[in-house]
Amino acid sequence: MENFTASFRSEHDLQQAIDALRKQGVIDLQIEPGVEPHQPMSTSLLGGGLSHLSIAESPGCLLQVVVESSRIRQAEDTVTRFGGSIE
């Protein structure tokens, strides 16, 4: 297994990337809305959506992706295709 973190500035781009990554069969997706270190909030996204998160109000968000080693390049390409920046 491999993992990487990507940042997004747009909720729309983030949601598109999440949908595409789910279809590719990633192992886990976790999001940290905003960049406020005093309020860490990590939410697993494989079982649900973003409906309860207020991402639009935050200046950006981080997406952590866990994927099989053989699919890491595909996942990174997907993230960048939807405007994500790999950290």
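Residues numbered from 1 in each chain as written. Predicted model: local features only at pLDDT ≥ 70, side-chain atom pairs only at ≥ 80, totals over all residues. Heavy atoms only, no water.

Per an unreviewed UniProt entry, the protein chain is named DUF2007 domain-containing protein, and its organism is Paenibacillus tyrfis.

Counting buried positions over the 7 residues of strand 4 (residues 61–67) gives 5, a clear majority of the element. Of the strand pairs in this sheet, strand 1 (residues 2–8) and strand 4 are connected by 7 bridges, and their pairing is antiparallel. Among the inter-strand pairings, Glu2 is bridged to a residue of strand 4, identified as Val67. Here 6 bridges tie strand 2 (residues 28–33) to strand 4, and the two strands are oriented antiparallel to one another. What sits directly across from Ile31, in strand 4, is Leu63. (Buried < 20%, exposed > 50% of the residue type's maximum accessible area, 1.4 Å probe, protein only. Helix = DSSP H or I, 4+ residues; strand = E, 2+ residues; numbered from the N terminus. Pairing = 2+ DSSP bridges.)

Put simply, helix 1 (residues 11–24) and helix 2 (residues 72–81) touch, their axes get as near as 9 Å, and they point 160° apart. With respect to their mutual orientation, helix 1 and helix 2 come out roughly antiparallel. With respect to the hand of their crossing, helix 1 and helix 2 are arranged in right-handed fashion. Along its contact with helix 1, which presents Ala17, Ala20, Leu21 and Gln24, the element helix 2 presents Gln74, Ala75, Thr78, Val79 and Arg81. Of the residues contributing to the contact of helix 1 with helix 2, the split by class is 5 nonpolar, 3 polar and 1 charged. (Axes fitted to C-alpha atoms, helices over the stretch in contact; angles between N-to-C directions. Parallel < 35°, antiparallel > 145°, perpendicular 65-115°, else oblique. Left-handed = near helix turned anticlockwise from the far one by under 90°. Contact = heavy atoms within 4.5 Å. Nonpolar A, V, L, I, M, F, W, Y, C, P; charged D, E, K, R; others polar.)

We now examine the confidence of the model for the protein chain. Detailed reading of predicted coordinates is not advised where the pLDDT is low. Residues with a pLDDT of 70 or more make up 70% of the protein chain, whose mean pLDDT is 80. No element of the protein chain has a lower mean pLDDT than strand 3 (residues 43–44), at 53, and none a higher one than helix 2, at 97. Segment residues 36–41: pLDDT under 50, and 4 contacts once partners within four positions in sequence are set aside and those in other chains are kept. Counted against residues more than four places away or in other chains, residues 50–58, with its pLDDT under 50, gives 18 contacts. (pLDDT = per-residue confidence, 0-100.)

What follows covers helix 1. For helix 1, with 14 residues, the first-to-last C-alpha span of 20 Å sits near the 20 Å given by 1.5 Å per residue. Along helix 1, the residues classified as buried are Leu14, Ala17, Ile18, Ala20, Leu21 and Gln24. On its buried side, helix 1 packs onto strand 1, strand 2, strand 4 and helix 2. Capping the start of helix 1 is the job of one residue whose side-chain oxygen sits 3.3 Å from the backbone nitrogen of His12: Ser10. At the exit of helix 1 stands Gly25, carrying a positive phi of roughly 85°. (Expected span 1.5 Å × (residues − 1). Polar contact = N/O pair within 3.5 Å; in protein donor to acceptor, adjacent residues only side chain to side chain.)

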